[in-house]
Amino acid sequence: MRQSQERANVLMNSSLIGINVIEGEQMVDANDTFLRMTGYTREDLRAGCLNWVHMTAPEDLARARQAHQDLATQQAITYEKEYVCKDGSRLPVLVCGVVLTPHPFQGIAFVLDNTARQELERRKDDFLSMASHELKTPLTSLKLQLQLLGKHLARQGISDAAPALSRMEVQVKQMERLIRELLDVSKIQAGRLEYARETVNLDALLQEVAETMQQMSATHTIVVGGATSGSLSGDKDRLEQVFINLLSNAITYAPDASLIEVEVSRSVETVTIGVRDHGMGIPKEEREKIFERFYRGFDPSKRAVPGLGMGLYIAAEIIKQHGGTIMVESEVGKGSTFHVTFPLKRDACEAYKRKKKNL
Ligand code: ADP
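Report on the accompanying structure. (Residues numbered from 1 in each chain as written. Predicted model: local features only at pLDDT ≥ 70, side-chain atom pairs only at ≥ 80, totals over all residues. Heavy atoms only, no water.)

On to the sheet that holds strand β1 (residues 18-23), then. Spatially, β2-β1-β5-β4-β3 is the arrangement adopted by the five strands of the open sheet, whose pairing is antiparallel. This sheet does not close on itself; its edge strands, each paired only once, are β2 (26-30) and β3 (76-84). The mean inter-strand angle of the sheet, taken between neighbouring strand axes irrespective of direction, is 35 degrees. Here β1 runs beside β2; their pairing, made up of four bridges, is antiparallel. In the sheet register, Asn 20 faces β2, and the bridge partner there is Ala 30. (Pairing = 2+ DSSP bridges. Helix = DSSP H or I, 4+ residues; strand = E, 2+ residues; numbered from the N terminus. Axes fitted to C-alpha atoms, helices over the stretch in contact; angles between N-to-C directions.)

Written as structure tokens, this is what we have:
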């Protein structure tokens, strides 16, 4: 008994991790580290002033309550939130909650100060935003100079340099795309990616994107099947970006299978676009991760493809902002289908319902 009490004391007095014990909403015990982190005293604790609901930043309360509910079925839950300290300042923390008894609720929270990590994240985001801006300017100038040089040489009738110049232009375009994606990612992080709201004819948009991508690829055949006969409310350019990315991935990650199918199907209120390739496929354990920022597949043959793992992250964000969803079905060695679903504009749904009735 004494030994286990001593062990518990050593744990409780850890100077790295804050620990508190909760009964209902009340904190009934806490170690010195937790009190120091949040600015409360042991007298405050004894007087019952520490209530985890009041101490949780209002915008994090729903997530914290959810974690408490999840503890009914799971032994431990780890999540991030901010505490409101005694002096009103905020403390970002990583919490690991462990349940002792579910009814009435008794649990222990292990709390790690997350300030340094968040500061590092913020600095990384600032750096990305700065770097992409800084890279964009010289690249724009380089592109312009290349075009001028091309025209100059053509006027003088010098054609030897043309192949080299066009290879340089391809590389510049590739860099432009990466920098544009970097800028988009940092705007998404800062919540500054803006969207136009216009009526978008999805059939026309898909046709246009498929034709553009077809012109750029001599190796693959893109076939569009089905039609929505409906429109979306959204940002045409951003939606184009989504399908350019999906098609460009389909081309890239299916180097030996030339057929790419775009299939459109609709229900009364939604439209689903499937982009199918017959290429490398995506292992099960990667199918969720590929939508995360900067995630790239492990497969070395995929890694050899230039890219920074931003395309699907940006696409998923754009789709989300249009009220839609994206998911992938895949089989390694057989290919992948990305399914994108959007809600249609109300008038398009009404027209569809009328048409179905009349049939
Ligand atoms: P990038 O292509 O620059 O790596 P993306 O965000 O577009 O970035 O894709 C993330 C990862 O998802 C890729 O690195 C690749 O491993 C995987 N992936 C995406 N599309 C496909 C596809 N059609 N087939 C197989 N793997 C894919």
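Between two packed helices, the angle of one axis relative to the other and the distance separating the axes together describe the packing. Running from amino to carboxyl end, helix α6 (residues 115-155) crosses helix α7 (residues 162-189) at an angle of 155 degrees, the nearest separation of the two axes being 9 Å. By the angle between their directions, the pair α6 and α7 is classed as roughly antiparallel. Relative to α7, the crossing made by α6 is left-handed. Tallied by class, residues from the contact of α6 with α7 come to 14 nonpolar, seven polar and five charged. (Parallel < 35°, antiparallel > 145°, perpendicular 65-115°, else oblique. Left-handed = near helix turned anticlockwise from the far one by under 90°. Nonpolar A, V, L, I, M, F, W, Y, C, P; charged D, E, K, R; others polar.)

Relative to the helices and strands, Val 99 is located in strand β4 (residues 90-101). In this structure Val 99 comes out as buried when scored by relative accessible area, which is 13%. Residues Val 99 and Ile 77, spaced 22 residues apart in sequence, show a C-alpha to C-alpha distance of 9.1 Å. (Buried < 20%, exposed > 50% of the residue type's maximum accessible area, 1.4 Å probe, protein only.)

Bringing helix α9 (residues 236-252) into the picture now. Residues lying three or four places apart along an α-helix face the same way, a consequence of the helix completing one turn every 3.6 residues. Taking 1.5 Å per residue, 17 residues should reach 24 Å; α9 reaches 24 Å between its end C-alpha atoms and fits that length. Of all the 17 residues making up α9, 12 are buried; the element is thus mostly covered by neighbouring parts of the structure. Taken together, the buried positions of α9 are occupied by Arg 238, Leu 239, Glu 240, Val 242, Phe 243, Asn 245, Leu 246, Leu 247, Ser 248, Asn 249, Ala 250 and Ile 251. By the N-cap criterion, in which a side-chain oxygen at the helix start approaches the backbone nitrogen of a residue two or three places on, α9 is capped by Asp 235, the distance to Asp 237 being 3.1 Å. (Expected span 1.5 Å × (residues − 1). Polar contact = N/O pair within 3.5 Å; in protein donor to acceptor, adjacent residues only side chain to side chain.)

The geometry of an aromatic ring pair is captured by the separation of the ring centres together with the interplanar angle, meaning the angle of the planes. Per the counting criterion, the structure on display carries three aromatic pairs. Consider the rings of Tyr 295 and Phe 298, whose centres lie 6.2 Å apart with planes at 80 degrees: the pair is edge-to-face. Note on Phe 298: relative accessible area 58%, which makes it exposed. (Phe/Tyr/Trp six-rings, centres within 6.5 Å; stacked < 30°, edge-to-face > 60°.)

Bringing the site of the ligand into the picture now. Lining the immediate surroundings of the ligand are 18 residues, of which Asn 249, Tyr 253, Asp 277, Arg 296 and Leu 312 lie closest. At 3.3 Å from an oxygen atom of the ligand is found a main-chain nitrogen or oxygen belonging to Gly 311. The protein chains hide 97% of the 530 Å² of surface that the ligand would expose on its own. For the shell around the ligand, the residue count by class is eight nonpolar, seven polar and three charged. (Near = heavy atom within 4 Å. Areas by Shrake-Rupley, 256 points an atom, 1.4 Å probe, with all protein chains shown as cover.)

This part is about the nonpolar core. Residues Phe 243, Leu 246, Phe 338 and Phe 342 are the most contacted members of the largest nonpolar core, which totals 45 residues. Ranked by size, the runner-up nonpolar core spans 27 residues in total, among them Leu 35, Met 37, Leu 50 and Ala 109. (Core = buried A, V, L, I, M, F, W, Y, C linked by side-chain atoms within 4.5 Å.)

Our next topic: unusual backbone geometry. Put simply, His 103 and Pro 104 share a cis peptide bond, and its omega is -10 degrees. Summarising the element assignment, Pro 104 is placed in the loop between β4 and β5 (106-113). Phi angles above zero are rare outside glycine, and Phe 294 is one such case at about 65 degrees. Tracing the chain through its elements places Phe 294 in the loop between β10 (270-277) and α10 (300-303).

The calculated volume of the second largest pocket comes to roughly 150 Å³. As for the second largest pocket, its lining consists of Gln 5, Ala 8, Asn 9, Leu 11, Met 12, Ile 19, Val 21, Ile 108 and Phe 110. (1 Å grid on protein atoms, 1.4 Å probe; cavity = no way out; pocket = protein on both sides within 12 Å on 5 of 7 lines; lining within 4 Å. Points joined across faces, edges and corners; volume = space filled by probe spheres on them.)

Turning our eyes to something else, we now look at the pattern of salt bridges. A full pass over the atoms with the stated rule returns 23 salt bridges. Close ionic contact of Asp 32 with Arg 42 constitutes a salt bridge, the shortest N to O distance being 2.9 Å. Here Asp 32, found in helix α2 (residues 32-38), pairs with Arg 42, found in helix α3 (residues 42-46); they are 10 residues apart in sequence, far enough to count as distant. A relative accessible area of 43% means that Asp 32 is categorised as partly exposed. Glu 317 is the salt-bridge partner of Lys 320, the closest N and O atoms lying 4.0 Å from each other. (Salt bridge = Lys/Arg side-chain N within 4 Å of Asp/Glu carboxyl O.)

Let us now look at empty space enclosed by the protein. For the coordinates displayed, the defined rule picks out one cavity of 30 Å³ or more. Here the largest cavity defines a volume of roughly 100 Å³. Along its surface, the largest cavity is lined by 14 residues, and Ile 22, His 68, Tyr 79, Gly 97 and Ala 109 are the ones closest to its centre. Elements with a minimum of two residues in the lining of the largest cavity: β3, β4 and β5. Classifying every residue of the lining of the largest cavity gives 10 nonpolar, three polar and one charged.

In short, shape yes, function no, at least from these values alone.
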